[in-house]
Amino acid sequence: MNYRTTEDIGLITGAKNLTAEKIRSAVHKVFSKEAGPRLKAYYNTCVRCGLCSQACHYFLSMDNDPSFSPVGKVKQTVWELLDPGKRITPDFIVNAAQIAYTECNLCRRCSMYCPFGIDTAYMITLVRRLCHLLGVTPQYIQDTAHSHASTMNQMWIKEDEWIDSLQWQEDEARDELPMLRIPIEKNGAEIFYSVIGPEPKFRSQLIYQAAVIMNVAQVDWTMPATPGWDNSDMAMYVGDYELMGRMKKIHFETALRLKCKKIVMGECGHAFRSVYDTGSRWLGWKEPPVPIIHAVQFYWDLLNEGKIRVGKKFEQPVTFHDPCNIVRGMGLHEKARDLVRAFCRDFVEMHPNREHNYCCCAGGGVINCGPPHKKTRVLGNKIKADQLRATGVPVVIAPCHNCHGGLEDILHHYKVDMQIKFLGDIIYECIDKTSVE
Ligand code: SF4
Ligand code: SF4
């Protein structure tokens, strides 16, 4: 079956502006100047054994098609770009862009199965960087990067709309907890709470729920009224590192302006990666200027410090999906399980799990490449549908926005009857709220 039949206007029109000189100069910039010894070590170490293939959900889901194996994707892109005798044409760049943006989630599962620990995801990001510099990027994800550039959030949300959303959620939540506040622009608060663009846009209940949890736990917290509230980062996935750096800086500068002691970010995986890994590295920071933790860690701390208590157990059997960026990337799997076990009556592991879990196939910006690439994304993760179905439970908990989007599409396509929840959904529903009622 030919899986590569997509047409993306961003790739097609971008390629029309390419010249041999533009391509040569961008390849030189990325592969000779920016990449350096790490790439050389990977190139010289890889023995083309193919052991990484069995790690990749695309390969496993696409009839073991070698062109979807990790090393196959690198061979069609990076190895060719490193070959001085190869003539790189605009068609080659379009094909490389499609592979790099839409056929690899940068999930890093394959690096655990490579005997040398070669990080294929890193090499694929170099291809994305090249395609960004050449202006050959998928239209949908490029639009989100444009939104970041002009509004400093991913969803074209204006400043007044952001504040309205917070006040609206505060108003709604006061029906439940009359003294509840969402403190905006509070100076010196313990916690600066950051969310990603989709929350005010179409998942505003998550802001409501976070506000309830903060108020029940009596956390000293705030959210900013200015740009810098959105921690998401499609610039990172497009390969526009200059823009990524601007966004990370404004985020931390906002927390510093408010003199907050710690940033807590909502249940998003890629946004966390953009601060603990890619963004900080690009900015040359050993550590971010304000400590930052993910919601899983935050909720775990609240529970273990006795600031929230379990009021009732979630009764339906649940399983847990380990998001790549917070588990393979940051090792939060046991803390997440502690929360699931504390709040849920019946927890069933899916297999494989923890750092061996299969990716949702949305991450790495792949879902953000939009409808032209949905078919590849859904067909490329049949293995995830099988994994979810095998648990036999009606609810999967996934503490990551991208995972929600990806799992929703897979459950729908493969007709698996399951609901997807955030940890915050479960905690909001099950915490003891009597202390503030
Ligand atoms: S999708 Fe994941 S496993 Fe597959 S090549 Fe990319 S990083 Fe490796
Ligand atoms: S990346 Fe590692 S596992 Fe994959 S082909 Fe190269 S050496 Fe083998």
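Structure: above.
The rules behind each value
Residues numbered from 1 in each chain as written. Chains lettered and ligands numbered in written order. Predicted model: local features only at pLDDT ≥ 70, side-chain atom pairs only at ≥ 80, totals over all residues. Heavy atoms only, no water. Near = heavy atom within 4 Å. 1 Å grid on protein atoms, 1.4 Å probe; cavity = no way out; pocket = protein on both sides within 12 Å on 5 of 7 lines; lining within 4 Å. Sits in = over half its atoms within 2 Å of the grid points. Nonpolar A, V, L, I, M, F, W, Y, C, P; charged D, E, K, R; others polar. Core = buried A, V, L, I, M, F, W, Y, C linked by side-chain atoms within 4.5 Å. Buried < 20%, exposed > 50% of the residue type's maximum accessible area, 1.4 Å probe, protein only. Helix = DSSP H or I, 4+ residues; strand = E, 2+ residues; numbered from the N terminus. Contact = heavy atoms within 4.5 Å. Expected span 1.5 Å × (residues − 1). Pairing = 2+ DSSP bridges. Axes fitted to C-alpha atoms, helices over the stretch in contact; angles between N-to-C directions. Salt bridge = Lys/Arg side-chain N within 4 Å of Asp/Glu carboxyl O. Points joined across faces, edges and corners; volume = space filled by probe spheres on them. Polar contact = N/O pair within 3.5 Å; in protein donor to acceptor, adjacent residues only side chain to side chain.

Student: Please give an account of the site of ligand 2 that cites residues and values.
Tutor: Around ligand 2 lies a shell formed by Cys46, Val47, Arg48, Cys49, Gly50, Leu51, Cys52, Val71, Cys114, Pro115, Phe116 and Ile118. For ligand 2, the cavity whose grid points lie within 2 Å of the majority of its atoms is the largest cavity. When grouped by side-chain class, the residues that make up the shell around ligand 2 number 10 nonpolar, one polar and one charged.

Student: Kindly report on the nonpolar core, identifying the contributing residues and their values.
Tutor: Judged by nonpolar contacts, the single largest core of 68 residues is most densely connected at Trp221, Phe298, Ile308 and Phe343. Broken down by element, the residue count for this core peaks at eight residues, all from helix α12 (residues 205–216). In this structure Phe343 touches Leu303, Ile308, Arg309, Val310, Lys312, Lys313, Phe314, Ile426, Ile427, Cys430 and Ile431, once residues within four positions along its chain are discounted. Core analysis: the second largest hydrophobic core is formed by 54 residues, Tyr42, Ala121, Met123 and Leu243 among them.

Student: How would you summarise helix α9 (residues 139–151) if you had to cite specific residues and measurements?
Tutor: The end-to-end C-alpha distance of α9 is 18 Å, a good match for the 18 Å that 13 residues give at a rise of 1.5 Å each. Elements that come into contact with the buried residues of α9 comprise α13 (234–238) and α14 (241–257). One or two residues past the end of α9 sits Met152, with phi positive at roughly 65°.

Student: Lay out the sheet that holds strand β7 (residues 419–421) in plain terms, naming residues and giving numbers.
Tutor: Spatial ordering of the open sheet is given by β5-β6-β7, a layout of three strands whose pairing is parallel. Looking along the sheet, the strands with just one partner apiece sit at the ends: β5 (318–320) and β7. On average, each strand axis in the sheet is inclined to that of its neighbour by 30°, with strand direction left out of account. The sheet contact formed by strand β6 (residues 395–397) and β7 spans three bridges and is parallel. In the strand pairing of β7, Val396 is matched with Ile420.

Student: Please set out the pattern of salt bridges residue by residue, giving values where relevant.
Tutor: The final tally for this structure, using the stated rule, is 24 salt bridges. Put simply, Asp322 and Arg337 hold a salt bridge, and the shortest N to O gap is 2.8 Å. With Asp322 in the loop between β5 and α17 (333–343) and Arg337 in helix α17, this residue pair connects regions lying 15 residues apart in the sequence. When salt bridges with common partners are traced through the structure, they connect Arg38, Arg108, Asp119, Asp277 and Arg281 into a single cluster.

Student: Break down the layout of surface pockets for me, citing the residues and quoting the values.
Tutor: As a volume, the largest pocket reaches approximately 530 Å³. Along the walls of the largest pocket sit 24 residues, with Met155, Phe202, Ile367, Asn368 and Asn402 positioned nearest its centre. Within the residue set of the lining of the largest pocket, elements represented by two or more residues are α9, α11 (198–202), α18 (374–379) and α20 (401–413). Considering every element that reaches the lining of the largest pocket, the biggest residue donor is α20, with five residues. Of the residues in the lining of the largest pocket, the class split is 10 nonpolar, eight polar and six charged.

Student: Quick one: what's the story with the side chain of Glu170, residue by residue and with numbers?
Tutor: Note on placement: Glu170 falls in helix α10 (residues 159–174). Among all residues touching Glu170, those that are not within four sequence positions of it are Leu180, Arg181 and Ile182.

Student: Describe the side chain of Thr102, listing the residues and the values that go with them.
Tutor: Along the polypeptide, Thr102 turns up in helix α6 (residues 90–102). Within the local environment of Thr102, its side chain forms a polar contact with the backbone oxygen of Gln98, the two atoms lying 2.5 Å apart. In contact with Thr102, other than residues within four places in its own chain, are Tyr58, Ala97, Val366, Cys369, His373 and Thr376.

Student: Which residues make up the sheet that holds strand β2 (residues 221–222), and what values go with them?
Tutor: The strands making up a sheet are joined through hydrogen bonds of the backbone, oriented either antiparallel or parallel. Taking strand neighbours across the sheet as the criterion, the four strands line up as β2-β1-β3-β4 in an open arrangement whose pairing is parallel. In this open sheet, the two strands that pair with only one neighbour each are β2 and β4 (292–294). Examined bridge by bridge, strand β1 (residues 191–194) and β2 share two bridges and lie parallel to one another. Note on β2: the bridge partner recorded for Phe192 is Thr222. Sheet strands in contact with helix α15 (residues 270–283) are β3 (262–265) and β4, and its direction is about 150° off that of β4.

Student: Describe the pairing of β1, naming the residues involved and giving the relevant values.
Tutor: Where burial is concerned, the two faces of β1 agree: the one with Ile191 and Tyr193 and the one with Phe192 and Ser194 are both buried. Both β1 and β3 contribute to a ladder of four bridges, which runs parallel. By the bridge assignment, Ser194 is partnered in β3 with Met265.

Student: I'd love a proper account of unusual backbone geometry, names of residues and values included.
Tutor: Backbone phi values are negative for most residues with the exception of glycine, while trans is the configuration of most peptide bonds. The amide bond that connects His351 to the next residue, Pro352, takes the cis arrangement and shows omega of -10°. Tracing the chain through its elements places Pro352 in the loop between α17 and α18. Despite not being glycine, Arg48 shows a phi value in the positive range, around 55°. Relative to the helices and strands, Arg48 resides in the loop between α3 (37–45) and α4 (57–61).

Student: I'd love a proper account of the environment of Glu267, names of residues and values included.
Tutor: Here Glu267 is to be found in the loop between β3 and α15. Sequence-wise, Glu267 and Asp386 are 119 residues apart; in three dimensions their C-alpha atoms are separated by 25 Å. Those residues in contact with Glu267, other than ones at most four positions away along the chain, are His294, Ala295, Tyr299, Ala398, Pro399, Cys400, His401, Phe422, Leu423 and Gly424. A polar contact of 2.9 Å, which involves the side chain of Glu267, links it to the backbone nitrogen of Leu423.

Student: Account for empty space enclosed by the protein, with residues named and values stated.
Tutor: One pass over the full model with this rule turns up four cavities of 30 Å³ or more. Considered as a void within the structure, the largest cavity measures approximately 130 Å³ in volume. The wall of the largest cavity is formed by 17 residues, among which Cys46, Cys52, Val71, Cys114 and Ile118 lie closest to the centre. The greatest single-element share of the lining of the largest cavity, amounting to three residues, is contributed by helix α5 (residues 70–81). For the lining of the largest cavity, the residue count by class is 14 nonpolar, two polar and one charged.

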